[in-house]
Amino acid sequence: MLVREFIDDSLYNPNYGFYSRPTRTVDEFEEMEQEEDHIQYLRRVVKSRRRVHHHNIQQLRYTLTELFKPWYGYAIAKYMVSEYKLNLYPHKDLIIYEMCGGNGRLMPHILGYIQKYEPSVYKRTQYNMIELSDRVVPPSFLTNEQLEKHDCVQVLNENIFEWDTLVSEQCFFLGMEVINHFAHDVIRYDIDKTKPHQGYVCVDEKRNYYEIFEPIGSDDTVLKYLALKKKIGTRHTTTTLQQKLKQWFNSPLSPVGHIEYIPTKLFQFMNILSTYFPRHRLVLTDYNSLDDVMEGINAPLVQTAYKGLMVPCTSYLSSPGWCDIVFPVNFELLRDMYLLTCRASTAGNEKNAKIVKYDDFLERYGDIETSRSKGAPLRLMHQPNVKVFLT
């Protein structure tokens, strides 16, 4: 199968996928250490609690929504309300779509802020929740208490990648720490970097997984993405020094040269936005860099549980469901993809799309003084490898 199909199956298969089981919310915080980012913090929490194995590893996937609740949701709500009042209020409704809302942890904070501080806007608010995969949407997606408290919420049990309904109204589209789990394809090049080969995942009779590479030509999504990438250019393709050294030493021993993970599912998502949500405003947050990634351009962090600890892996080719697979987001590439796909604009035109540091976003919209007085763990604000994408 295609690499992106294998990764999708590993993460979202309803029987064994990494995200096929419910997650647990955060009941208590541990103080973050100086210069400690989100991923490092979670690893330390896992180590201190020593309660993770491959059946409940996903239970400790604490998101920024939970670690900085309710202020993280408040900041997003405050941003949307301010933009809504500038352009649409009071003649149009505030329409929100959230992709991959999980157990609805962000939604109560957003709607709670609007209900409390902007009651006139709350009366005109519509909140719609869409999942990343129809294979992980249970009927009891949200609790009855949540739905009864906010009757403006609508749960759409549909896969965003199979969406086929036109939304002609102006709306906000949210994706909080979602696109870093969008599956990628793998491309390898000849030494002269002129003949790309696409990766496939195969399995032998002993259930061992391995990659094979064939010349590109059969997969339409990869062909279209590479055509778009050619328009953008290569200025956003970066590797670390360590990755460059590995590629330099390994390339003479390999039939093809360096490897690149390309965001084909993100490309598909952009096309869905352009086709079915033509008047959207996009709000995304995610990691622009990660430690302990695999070898290759835009390579993922692959983690599994071993002796109660989260440990990085050297390959994604493990038994499906045993590993979390997280990709860093190249926000500059994301911006240019978005402008070309959704806005028919020139790559690099920053007027229609902004990349903001997470710290700066919370500084402006996060109501820091109030959160400090409430005893929020303010060091969670400091996330140097997280960015916000706004259109």
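Cut-offs used in this document
- Chains are numbered independently. Their residues run from 1 in the order of the written sequence.
- Since the coordinates come from a predicted model, pLDDT governs what is reported: local features require at least 70, and pairs of side-chain atoms require 80 or more to be given and counted, while whole-chain, interface and lining totals use all residues.
- Note: side-chain values were computed over all heavy atoms of the structure, leaving out hydrogens and water.
- Under the scheme used here, helices are H or I runs from DSSP no shorter than 4 residues and strands are E runs no shorter than 2 residues, and both carry numbers assigned from the N terminus.
- We call a residue buried when its accessible area falls under 20% of the maximum for its residue type, exposed when it is over 50%, and partly exposed in between, using a 1.4 Å probe and counting protein chains only.
- Pairs of N or O atoms within 3.5 Å make up the polar contacts considered here, provided that, within protein, one atom can donate a hydrogen while the other can accept it, and that residues adjacent in sequence are counted only when both atoms are side-chain atoms.
- In this analysis, two residues are considered to be in contact whenever any of their non-hydrogen atoms come within 4.5 Å of each other.
- A pair of strands is treated as paired once DSSP finds two or more bridges between them.
- All axes are obtained by fitting lines to C-alpha atoms, using only the stretch in contact for helices, and the reported angles, taken between N-to-C directions, cover 0 to 180 degrees.
- To define a nonpolar core, start from buried Ala, Val, Leu, Ile, Met, Phe, Trp, Tyr and Cys residues and group those joined through side-chain atoms within 4.5 Å.
- Put simply, a crossing is left-handed when the front helix is turned counterclockwise from the back one by less than a right angle, and right-handed when it is turned clockwise.
- Ring geometry is summarised as follows: Phe, Tyr and Trp rings, the Trp one being its six-membered ring, pair when their centres sit within 6.5 Å, and such pairs are stacked at plane angles under 30 degrees, edge-to-face over 60 and tilted between the two.
- Two thresholds decide whether a charge sits over a ring: the Lys NZ or Arg CZ must be within 6 Å of the ring centre and within 35 degrees of the ring normal.
- One speaks of a salt bridge when a side-chain nitrogen belonging to Lys or Arg is within 4 Å of a carboxyl oxygen belonging to Asp or Glu.

**Examining the side chain of Thr 391**
Looking at where Thr 391 falls in the secondary structure, it is placed in the segment after strand S14 (386-390). Looking at Thr 391, the relative accessible area reads 12%, which means it is buried. A distance of 2.7 Å separates a polar side-chain atom of Thr 391 from the backbone nitrogen of Leu 282. Side chain to side chain, Thr 391 and Tyr 338 meet in a polar contact 3.3 Å long. With residues up to four places along the chain from it excluded, the contact list for Thr 391 reads Tyr 79, His 280, Arg 281, Leu 282, Tyr 338, Arg 343, Asn 352 and Ala 353.

**Quick word on the sheet that holds strand S9 (residues 280-287)**
Consider a sheet: its strands pair through backbone hydrogen bonds, and that pairing is either parallel or antiparallel. Taken in spatial order, the 7 strands make up an open sheet running S3-S2-S1-S4-S9-S14-S13, and their pairing is mixed. Strands at the two margins of the open sheet, each flanked by one partner only, are strand S3 (153-159) and strand S13 (354-357). Adjacent strand axes in the sheet meet at a mean angle of 20 degrees when their direction is disregarded. The sheet contact formed by S13 and S14 spans 4 bridges and is antiparallel.

**Overview of the pairing of strand S8 (residues 259-262)**
Burial along S8 is two-sided: Ile 259 and Tyr 261 facing one way and Glu 260 and Ile 262 facing the other are all buried. With 4 bridges joining them, strand S5 (residues 185-189) and S8 adopt antiparallel strand pairing. In the sheet register, Val 186 faces S8, and the bridge partner there is Tyr 261.

**So, the nonpolar core**
Core analysis: the largest hydrophobic core is formed by 62 residues, its most contacted members being Tyr 97, Ile 160, Phe 173, Phe 269, Phe 277 and Tyr 316. Among the elements that line this core, the one with the most residues is helix H11 (residues 331-342), at 7 residues. Among residues more than four places away in sequence, those in contact with Ile 160 are Met 99, Ile 130, Glu 131, Leu 132, Phe 173, Phe 269, Ile 272 and Phe 277. Listed in part, the 42 residues of the second largest apolar core include Tyr 79, Met 80, Leu 174 and Leu 390.

**A look at the packing of helix H10 (residues 264-276) against H11**
Contact geometry of H10 with H11 gives a least axis separation of 9 Å together with a crossing angle of 35 degrees. Seen along the crossing, H10 lies across H11 with a hand that is right-handed. Here Leu 266, Phe 267, Met 270, Asn 271, Leu 273 and Ser 274 of H10 come into contact with H11, specifically with Leu 334, Met 337, Tyr 338, Thr 341 and Cys 342.

**Notes on the packing of aromatic side chains**
Under the criterion given, the structure shown has 25 aromatic pairs. Seen in terms of ring centroids, Tyr 79 and Tyr 365 are 5.5 Å apart; in terms of plane orientation they differ by 80 degrees. Their pairing is edge-to-face. Linking Tyr 79 in helix H4 (residues 71-87) with Tyr 365 in helix H12 (residues 358-365), this pair joins segments that are 286 residues apart in sequence. Put simply, the rings of Tyr 97, Phe 161, Trp 163, Phe 173, Phe 182, Phe 269 and Phe 277 pair up and form one aromatic cluster. Across the ring face of Phe 213, the terminal group of Arg 188 is positioned such that the distance to the ring centre comes to 5.3 Å.

**Structural notes on helix H1 (residues 3-12)**
With 9 of its 10 residues buried, H1 lies for the most part within the structure. Of all the residues in H1, the buried ones are Val 3, Arg 4, Phe 6, Ile 7, Asp 8, Asp 9, Ser 10, Leu 11 and Tyr 12. In this fold, the buried residues of H1 make contact with S5, strand S6 (196-203), strand S7 (209-215), helix H8 (220-232), H10 and strand S12 (324-326).

**Focus: the pattern of salt bridges**
For the structure shown, the criterion picks out 10 salt bridges. Salt-bridge contacts for Asp 185 lead to Arg 4; the nearest nitrogen and oxygen are separated by 2.5 Å. Within this pair, whereas Asp 185 is found in strand S5, its partner Arg 4 is found in helix H1, the two being separated by 181 residues in sequence. Each member of the pair Asp 185 and Arg 4 is classed as buried. Between Lys 265 and Asp 8 there is a salt bridge, with the nearest N and O atoms lying 3.3 Å from each other. Here Asp 8 lies in helix H1 and Lys 265 lies in helix H10, a separation of 257 residues in the sequence. For Lys 265, a relative accessible area of 10% puts it in the buried group. What you see here is one network of salt bridges that share partners, running through Arg 4, Asp 185 and Asp 219.

**A few points about the pairing of S9**
Of all 8 residues making up S9, 7 are buried, and the element is well covered by its neighbours. Inspection of the sheet shows strand S4 (residues 171-176) paired to S9 by 6 bridges, in the parallel sense. Considered in S9, the bridge of Met 176 is made with Thr 285. Bridge analysis of S9 against S14 gives 5 bridges, and the strand direction is antiparallel. Residue pairing across strands places Asp 286 opposite Lys 387, the latter belonging to S14.

Purely geometric stuff here, so don't read any function into it on its own.
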